[in-house]
Each structure stands twice: as structure tokens, then as C-alpha cells.
Amino acid sequence: MRPLLAEGALTREWAWAGATGSGVDVAVVDSGIDAGHPMVGGVSSAVAMTYDPEEGDGVRRVEGPHEDLFGHGTACAGIIRRVAPECRLHSIRVLGERLTGKGAVFAAGLEWAIERRYRVVNLSLSTGKDDYFGLFHELADRAYFAGVMLVCAVNNVAAAPSYPSQYASVFSVAAHDRQDPFGFDYNPEPPVELGAPGIDVTVAWKGEGTIVTTGNSFAAPHVAGLIARLLSKHPQLTPFQVKTVLHALADNARA
Amino acid sequence: MSEPAGDVLRDLARLLTSMGPALAPEGSEALLQSITEAARELFGAQACSLALLTDDQSELVFTTASGAGASDVLDLRMPVGQGIAGWVVMSEQPISVSDLQRDARFASDVAQSTGYVPRTILAVPVTSPRRTLGVIEVLDRDITRAGAEHDMRLLSLFADQAALAIENARAFADLGRTVLGAVANAAPGTPLAAALSAAAEGAGGADRDLLRLSALLGELDRLGPAERRLTSSLVEALLSYVRGRGRRPS
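Okay, so let's go over this structure. (Residues numbered from 1 in each chain as written. Chains lettered and ligands numbered in written order. Predicted model: local features only at pLDDT ≥ 70, side-chain atom pairs only at ≥ 80, totals over all residues. Heavy atoms only, no water.)

Considerations on the packing of aromatic side chains
- Here the structure, examined in full by the defined rule, presents eight aromatic pairs over all chains.
- Members of the aromatic cluster, joined through ring pairs, are A:F106, A:Y132 and A:F136. (Phe/Tyr/Trp six-rings, centres within 6.5 Å; stacked < 30°, edge-to-face > 60°.)

Here it is in C-alpha cells:
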């Protein structure tokens, strides 16, 4: 059996010094990625999913290049690229022209990433519908046991819980007000586990431009990028071990 | 009017009377208006507006607005598949964007949804545990005032209030349909039942299982107190069993 973690104390040097995310597959389940955006630098694969009652499971899947309908997926991809410049980005577009069937399409997108064993999946979206509690819980467990890290933006401003960020097996992330893209905090009070930059950050957007924006949905891709970096140097790590490393190396744990 | 139909009408009157407190649609609209006005005042903002999803979930319609551009934005429709408001509704994630005017393409996108071009926008989803309802937006709030860093959380509290008001209003509408259908079921074969059924069908949207349950409650009402007590115990036992099975979708 491989040694679980570092021989000595966990350090950032050990974790990701010199790492680039090379060889690590990172999926962005969102509104699509504008692959031509200068901050994105291309994607390795793209699939667009839409609700279609004619299909057996109600979801139509179209592989091949697509555009970002909103700009948000491109923003997430740009952040991940900045933190892990050589990772392989995969765009899984699940947000489309109408809301009908969103839960089913969202779940199908997540399943697509898990089946392909993409090591990191950025989920800057959620559902608060109780109907989907069980389905997403099952998918989150499958991901965890398959070594797939689900990085979820927490909708911690709403009164009701949202899924899948609520589950213990995922990396749930909220925004903190610092700008260092490699800085992150560990939050000892669940369900939010991690804090990362997400306030007044400049991100890529639709049409090759940028916007200055705030939201937990921009904090999650910072953590997704960091995990990709870590995995490019230490590909054997499981979600449990990655959480251990992030806990040990958090800004507030080291201070 | 025939005797059975007269009974049905009496039942209907009794049911509607007992549902009186729910009959307040104007109150809901006034409440939503006051929510957008309170939010605008609290945030020192130029405008605050609420957009709700259409029944086919393909568009957002601005139903309530206060402040700058309010009259222009009311009843404005926009596809849910674009723009900041669309993304917020789709992803169920709040977002705030500053410096909107820097990018002309972006500004036109926002202007289309707001009636004027703001510098900043804060938008949070309006949702209930059962469904996504829409989005509430605040334009050009005063970010220099004390506590402005909590604006996203504050606006979400307003969104929760709006969601309650909207769901209450919709429950009233659904209840009306349920009542019509239930009364029709309670007096099968009468001309009035046919008319009520047609009305209930035309209204659409109500859950068929609920219609049936409602009809059963009508029958129960005509039985004695002992039967009603027995049924209550049975339903309570069933509910506690169903709750114990967890929350997986059926």
C-alpha cells in the first residue's frame, strides 16, 4: 500500500510547489465554456445537455464545441485555468434555454463527469428542491467512492438547504474577502468547509470581456483549481485525503 | 335547482367560508410591492425589482418594481436562458456585479432587463423548497454605507419573504381549483357537477390526487364524529410512516 500522505509535516511546498494541474481532468458543470476566451485557453471536451422528453431518461446529450449561454461557466473556467494552468478542462453544459427539467439535466451532467472519472468537478450551481435530495446524495456518494472531488458553491444565504453543497462528502465553498487566488480558509462550522476568493473578483465573461463580481460561485473554482494542482503532483489522493491536506494548509490553520 | 345540486352549493359555500383567510390575492401583490420598496430604501438603491418565471419556465416577467425605471420594467419579459437574472434563476446562486458600464455588450444585456443601465447589480434567487419562483434584483445600491458587505444575505431574506407571499397566493389559486373539483366529485352525475368539473379541468394545474383526497374529506364530513376521529388517527399514523421513509423522490 502506498504511504497515505507526506512523510513529514504537510506543507504547501510538498502539496503543490511546481505543480500546474497537468494531467488532471477538471469538469465545469455550468452554462458552458467559451473555449476561445483568452482567460480560458481552450477546453479538452464539451457536451451540452438539455431536457428532452423524447429521450429515454429525458436528457439529450450533444458532444462537441458549444458557446456559453450566460458567461458564468467561462468565468469559472478562467479561474480554474489561472490556478491550474495545465489542467484539462471539460465543459458540461447543463443550463439551457428553459428551467424545465433542470434537476434531471443537472444530475445527468454530474453523472457524466463521475462516469468519466474526471478527478475534479466544479459545481457553482445548486438546487433547493427537496425532490432531488436523494438523487444528488446518491451521486455525491458515488463520486466520493470513485475518487472524484465535487467542489460545490454553497448557497448559504438562503434559508433552505441546497444540494449537493449540503452533503458531507463534497467540498463546500463560500466566498471570503481576500484576493490571493491561492489563499483559502478552513471553516470549522459546517456545512460550509472552505473559504476562497469570491468578493469583487475580476472574471472572464461572455464575449471575451471581463466583469467584476461577487458570489460563492466564484469561490468554488478557486478551490477546484487548487485541488487540480495538488492532484497533478499527488494523483493517488482520495477525497478524504485531499480534505485533510486542505485542512492542514488553510491560511487560518497556518496562522 | 335540484336537491343534490343545492346540497353541493351549500357544501361549496361552507368550504369557501372556511378557506376565507386565504382569499387575499391583492394583499399578496401589495406585500411584494412593499418588499421591493423596503429593500430599495434599506440598501439606498436606485431600484429594486422582482421577476417571476412563466408557467412554461422559459421566460422571466417583471411583476413588481420600485424606483428608477420601474414603470418601464413592469411586465417586461426576457428569456430565462440569458443575462444575469436568467443565470441566477437557473443556478439558484446569488450574484453581484459591479462596473457594469465598463463593458458595452454587458450593459445592453442588463439594460434590456432593467430599463436603464446601472453601475452595479445584486441579484438573488427567489425559491421555495418545492420550486424556483424567480429573481429579485437591486440596482445601484449604496455600497459605502455601514453593513453593505451583508447585502447579499439581507436581500436573500427579502427573497424568502417574497417566496412566502407568492406561494401563499398560489396556494389560494390551487385551492380554488381543488375545491371545485372536489365538490363535483362529491355529487356525481348532476349537471352542476359536470359544470364544476369542466371549470376545474379548465383551471388546470391542480393535483389529481389532491382532488380525490378533497372529495374523500367531503364524504367524511357527512359521516359521524366517531368515523372522523378514526380517520384522523389513520391519516396521522400513515403520515408518520411516510415521513419515516425519508425524502427520496418517489
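Considering the environment of A:I33
Residue and element names in this part refer to chain A.
- Along the chain, the position of I33 falls in the loop between β1 (25–30) and β2 (45–51).
- For I33, a relative accessible area of 1% puts it in the buried group.
- Leave out the neighbours within four places in its chain, and I33 touches V28, V40, V43, H66, D68, G73, T74, A77, H90 and S91. (Helix = DSSP H or I, 4+ residues; strand = E, 2+ residues; numbered from the N terminus. Buried < 20%, exposed > 50% of the residue type's maximum accessible area, 1.4 Å probe, protein only. Contact = heavy atoms within 4.5 Å.)

Focus: the side chain of B:S96
- Within the element layout of this structure, B:S96 appears in strand β4 (residues 95–98).
- Beyond its immediate sequence surroundings of up to four residues, B:S96 is in contact with A:V212, A:T213, A:T214, B:I121, B:L122, B:R141 and B:M152.

Concerning the layout of surface pockets
- Space inside the largest pocket adds up to approximately 680 Å³.
- Along the walls of the largest pocket sit 28 residues, with A:I199, A:T214, B:E149, B:H150 and B:M152 positioned nearest its centre.
- Looking at the lining of the largest pocket, the elements that each hand over two or more residues are β7 (171–176) of chain A together with β4 and α6 (151–186) of chain B.
- By residue class, the composition of the lining of the largest pocket is ten nonpolar, twelve polar and six charged. (1 Å grid on protein atoms, 1.4 Å probe; cavity = no way out; pocket = protein on both sides within 12 Å on 5 of 7 lines; lining within 4 Å. Points joined across faces, edges and corners; volume = space filled by probe spheres on them. Nonpolar A, V, L, I, M, F, W, Y, C, P; charged D, E, K, R; others polar.)

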